[in-house]
Amino acid sequence: MAAPSSSASSPAPAPASPAMSFGRAARTAQTRFPRPDYRRASSSPLLPTALTPLLPLNAADKDDSTSRRNMPSPRVLIIAVMAVLGTAAVVLTFRSRVAVRSVDRVLVEYAHAAAAPSNASTADSIAHAEKTKQYFDRVMRAMQTHPSSRTYCSADTPTPPTYTRPSVLGVSGLTLGKAVLIARHGDRAPQNMMRDDVAGNVTWNCNNVEYMFLHDASPPPAEETNTDLEVLVSKKVTKISEKPWMPRMWAGTCALADLTAKGRAMFIDFGHQMREIYVDQLGFLSAMLNPDEVNVHATAISRTIHSAQSLLQGLYPRGTHPTSRHVTIRTRPIDVDPLHSNKLHVQCERLARLHALSKQTPLWAHFMERSAANRARIEALAPLKAAKSTTSAKALAESLKGVPAVIENLWCRRCWSKPLPCLPRDEARASLARVATIAGIPAVPDQDGDGESDTCLQESTADQAWLDKSFDFWYRNNYFPNRHRHDIVRLEMGPFLRDVLGALPMPNGGKVETKLHVFLSHDGTLSGLLGALRAAPGHHTWPSYRSNVVVEVWAGTDDATGKPREFVRILHDGRPLVTDPDMATTGDDEEGEAPWCRFGGEHGDVCPLETFRGFLESHSVEEWEEACLVRDDAADGVDALEM
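The name given to the protein in an unreviewed UniProt entry is Histidine acid phosphatase, and the organism recorded there is Allomyces macrogynus. Regarding the protein, the relevant UniProt record gives this comment under Sequence similarities (unreviewed entry): "Belongs to the histidine acid phosphatase family."

1. A word on the packing of aromatic side chains
This structure, assessed with the given rule, holds 20 aromatic pairs. Between tyrosine 163 and tyrosine 278, the ring centres sit 6.4 Å apart and the planes meet at 90°, which makes this aromatic pair edge-to-face. Residue tyrosine 163 is found in the loop between helix H6 (122–145) and strand E1 (171–184), and its partner tyrosine 278 is found in helix H8 (residues 261–281); the two are separated by 115 residues along the sequence. Each member of the pair, tyrosine 163 as well as tyrosine 278, is classed as buried. For the pair tryptophan 364 and tyrosine 475, a centre-to-centre distance of 5.1 Å together with 40° between the ring planes defines the contact as tilted. In this pair, tryptophan 364 is assigned in helix H11 (residues 362–381) and tyrosine 475 in helix H15 (residues 459–483), connecting sequence segments 111 residues apart. Through a chain of ring-to-ring contacts, the aromatic side chains of Tyr135, Phe136, Trp364, Phe367, Phe471, Trp474, Tyr475, Tyr479 and Phe480 assemble into a single cluster. If you follow lysine 262 out to its NZ or CZ, it ends over the ring of tryptophan 416, 4.0 Å from the centre. The aromatic ring of tryptophan 411 is capped on one face by arginine 414, whose charged end is 5.1 Å from the ring centroid.

2. Digging into the nonpolar core
With 102 residues, the main nonpolar core has Tyr278, Phe471 and Trp474 as its most contacted residues. For this core, the leading source of residues is H15, giving 10 residues. Tryptophan 474 has contacts with Tyr135, Val139, Met143, Leu363, Tyr479, Pro537, His540 and Met583, leaving out every residue within four places of it along the chain. Judged by nonpolar contacts, the second largest core, of 30 residues, contains Ile182, Cys597, Cys607 and Phe612.

3. Describing the environment of leucine 312
Among the structural elements, leucine 312 can be located in helix H9 (residues 302–315). The spacing of leucine 312 and glycine 271 is 41 residues in sequence and 6.2 Å in space, taken between C-alpha atoms. Sequence-distant contacts of leucine 312, defined by excluding residues within four places in its chain, comprise Val294, Val296 and Val327.

4. Some remarks on the pattern of salt bridges
Side chains that carry opposite charge are capable of pairing whenever their charged atoms lie near each other. Counted by the stated rule, this structure contains 21 salt bridges. Ionic pairing is found between arginine 195 and glutamate 427, a salt bridge with its closest N-O pair at 2.4 Å. On the criterion of sequence distance, the pair formed by arginine 195 in helix H7 (residues 195–198) and glutamate 427 in helix H14 (residues 425–439) is long-range, its members being 232 residues apart. Given a relative accessible area of 23%, arginine 195 falls into the partly exposed group. Overall, the relative accessible area of 23% leaves glutamate 427 in the partly exposed class. The residue lysine 515 makes a salt bridge to glutamate 293 at a minimum N-O spacing of 3.8 Å.

5. Considering the confidence of the model for the protein
The pLDDT averaged across the protein works out to 75; a share of 68% of its residues lies at or above 70. Within the protein, strand E8 (residues 516–521) carries the highest mean pLDDT (98), whereas helix H1 (residues 24–28) carries the lowest (34). Throughout residues 1–71 the model reports pLDDT below 50, and contacts reaching past four residues in sequence, or to other chains, amount to 140 contacts.

6. A word on the side chain of histidine 572
Its location among the elements puts histidine 572 in strand E10 (residues 564–572). At a separation of 3.2 Å, a polar atom in the side chain of histidine 572 contacts the main-chain carbonyl oxygen of histidine 539. Ignoring anything within four residues of it in the chain, the contact list for histidine 572 reads Leu530, His539, Ser547, Asn548, Val549 and Leu577.

7. Overview of the pairing of E8
Within a regular beta strand, the side chains point alternately toward one face of the sheet and then the other, so they alternate between its two faces. Taking burial as the measure, the six residues of E8 include six buried ones, the bulk of the element. Neither face of E8 is exposed, since Leu516, Val518 and Leu520 on one face and His517, Phe519 and Ser521 on the opposite face are all buried. In the sheet, E1 pairs with E8 via six bridges, with the strands oriented parallel. Residue pairing for E8: alanine 183 is matched across the bridge by leucine 520. Pairing geometry for strand E6 (residues 294–298) and E8, over five bridges, is parallel. Looking across to E8, one finds that alanine 298 is bridged to leucine 520.

8. What to know about the packing of H15 against helix H18 (residues 523–532)
Between H15 and H18, the shortest axis-to-axis distance is 9 Å and the interhelical angle comes to 30°. Classified by the angle between their axes, H15 and H18 sit roughly parallel to one another. Where H15 crosses over H18, the handedness of that crossing is right-handed. Taking contact as the criterion, the partners of Phe473, Asn477, Asn478 and Asn482 in H15 are, on H18, Asp523, Gly524, Ser527, Gly528, Leu530, Gly531 and Ala532. Its residues placed into classes, the contact of H15 with H18 shows three nonpolar, seven polar and one charged.

9. Thoughts on H15
Helix length check: H15, at 25 residues, gives a terminal C-alpha distance of 34 Å against a target of 36 Å (1.5 Å per residue), a fit within 8%. The buried count for H15 comes to 19 of 25 residues, which makes it a mostly enclosed element.

10. Observations concerning the state of the cysteines
According to the stated counting rule, one finds five disulfides in the structure shown. One disulfide in the model links cysteine 422 with cysteine 456; its S-S distance is 1.9 Å. Here cysteine 422 and cysteine 456 share a disulfide; its torsion about the S-S bond, 110°, makes the bridge right-handed. With a gap of 34 residues between them, cysteine 422 in the loop between helix H13 (407–415) and H14 and cysteine 456 in the loop between H14 and H15 connect regions that are remote in the sequence. Overall, the relative accessible area of 31% leaves cysteine 422 in the partly exposed class. Across the disulfide, cysteine 597 is cross-linked to cysteine 607 (sulfur-sulfur distance 1.7 Å). Note on the cysteine 597 and cysteine 607 pair: the S-S dihedral is about -65°, so by sign convention the disulfide is left-handed. Separated by 10 residues along the polypeptide, cysteine 597 in the loop between strand E11 (575–576) and strand E12 (606–608) and cysteine 607 in strand E12 bring together distant segments of the chain.

Parameters at a glance
- Residues numbered from 1 in each chain as written.
- Predicted model: local features only at pLDDT ≥ 70, side-chain atom pairs only at ≥ 80, totals over all residues.
- Heavy atoms only, no water.
- UniProt positions renumbered as here; feature names shortened; annotations may be inferred.
- Phe/Tyr/Trp six-rings, centres within 6.5 Å; stacked < 30°, edge-to-face > 60°.
- Helix = DSSP H or I, 4+ residues; strand = E, 2+ residues; numbered from the N terminus.
- Buried < 20%, exposed > 50% of the residue type's maximum accessible area, 1.4 Å probe, protein only.
- Lys NZ or Arg CZ within 6 Å of the ring centre and 35° of its normal.
- Core = buried A, V, L, I, M, F, W, Y, C linked by side-chain atoms within 4.5 Å.
- Contact = heavy atoms within 4.5 Å.
- Salt bridge = Lys/Arg side-chain N within 4 Å of Asp/Glu carboxyl O.
- pLDDT = per-residue confidence, 0-100.
- Polar contact = N/O pair within 3.5 Å; in protein donor to acceptor, adjacent residues only side chain to side chain.
- Pairing = 2+ DSSP bridges.
- Axes fitted to C-alpha atoms, helices over the stretch in contact; angles between N-to-C directions.
- Parallel < 35°, antiparallel > 145°, perpendicular 65-115°, else oblique.
- Left-handed = near helix turned anticlockwise from the far one by under 90°.
- Nonpolar A, V, L, I, M, F, W, Y, C, P; charged D, E, K, R; others polar.
- Expected span 1.5 Å × (residues − 1).
- Disulfide = S-S within 2.5 Å.

If you want it as structure tokens, here you go:
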């Protein structure tokens, strides 16, 4: 799959600036990454080019003698230019003597490149726009046809009938030595409320989600002879049925984003499948619980902790663990937890600035144009519960620049076959007209083509919303970082990649006691990981409930040399991972960067462990806070955002 590119007649991009050093890890793996040249013709409304002048002249203007007489004389123009140059010299002299906080030079560069004169012809511009469209269409088709498009409500997992041992030519005796599971939590209630929720049109119940029997780790009382004590753990449920709370919350017993009974059941099933594979089939884990073999991390949020508990309950059901042994679930505060990667950009100024660039490419502009009507329809017919007066035009305009957050509410309903939201007809018409005006589109087309204004969202709109959100995740976490700003991976996923490195064995490092590492997280973390792994678009959609990535380390003996060899295999939602053939070559071997593991097709399903570790090391950051700084010009010589 080829990325869109400009015609050969377009001007060549400016040479990359020297890499900046930020932190000990970055200093050991400096890399210059080419910047995209947006001086080329673009169909993006965000990037005006010389082909669309900001102040066009018509034929009458050119021949108007009055206009010529009103123009300043050449002498006046020369004096004005000299004055401007003199002022610029004073400013530059002052900046050279005083250290000031640098402006984001990359943002300035994009703006200047967009406004710079271009030699691209109109034909070149049309050709580039067509390539962008074709590339976009291929990505969307790959996402639509992949099995993940049908499994959002519950992702597939490895199962005994589908799970197979890997094979490597020239290597025998492969055995599993380590497994690292990264998974999104199970099915949950919505994490925000729509106006339709508080109208009492749906009910969310979670009152039985945490009922489970856990073995008591404390010694039994002296008078008790039963050595298999159990303690019933249940959640205190808040009853929301009386005023003044009822109009402000949906009906039922779920708090925002609580794990549902369905979410708990899917992870118990996941644990059962893992037991059949790793205990019964491979003998990798002990049949009776050995806590030294299992290490579990989760974000400090109830739905991930309860998903982890359910996984363990399926992996080691009743009767398979002694009373005195238990597994500890480790958490970190949310604001400093790499498992909650979408919290990091608010703490990392440099990462936030790099993210700001992602909406300035022709591909993103094309996506915004293609998805405008569907996004506007969702904004109009599925408003959040905020009062109308608080939904300002400015806030709505800002929301329309991206994918609506309310899409996750729609899919919570889809997964439970609950009705999609509706508005009264008059309110729906007014809302559709208002959103269309703010979005800058003539009108929001009706969904069924009967010419009547919509009052309810239809399933086809929610299905298209899933595809839009999938593209958004792939673009932000995969395409843009790997094509344009590689350092996003280091800053956003680098801290978590260090956790993964810590879980993996060193090459030929001998026996390891902890065999299974489990990380329970969220869709943003899974998406960031898939982007770091450079997954193909079909493998990188909106991560489903229970979406999972399993990194396995297999060891065998080289038939020719007799030496031990270790390999990594990655399973995504139960299938071998396939990397994007375009992304997998981006940046490889530049400035000494470790080559990347390519999975799928002619490359097979495994990669040498040392290669995998080398790439993760080059994309992790040890001094993260230092790497996030946007430095002063005087301190660094060049802006820290220069690659």
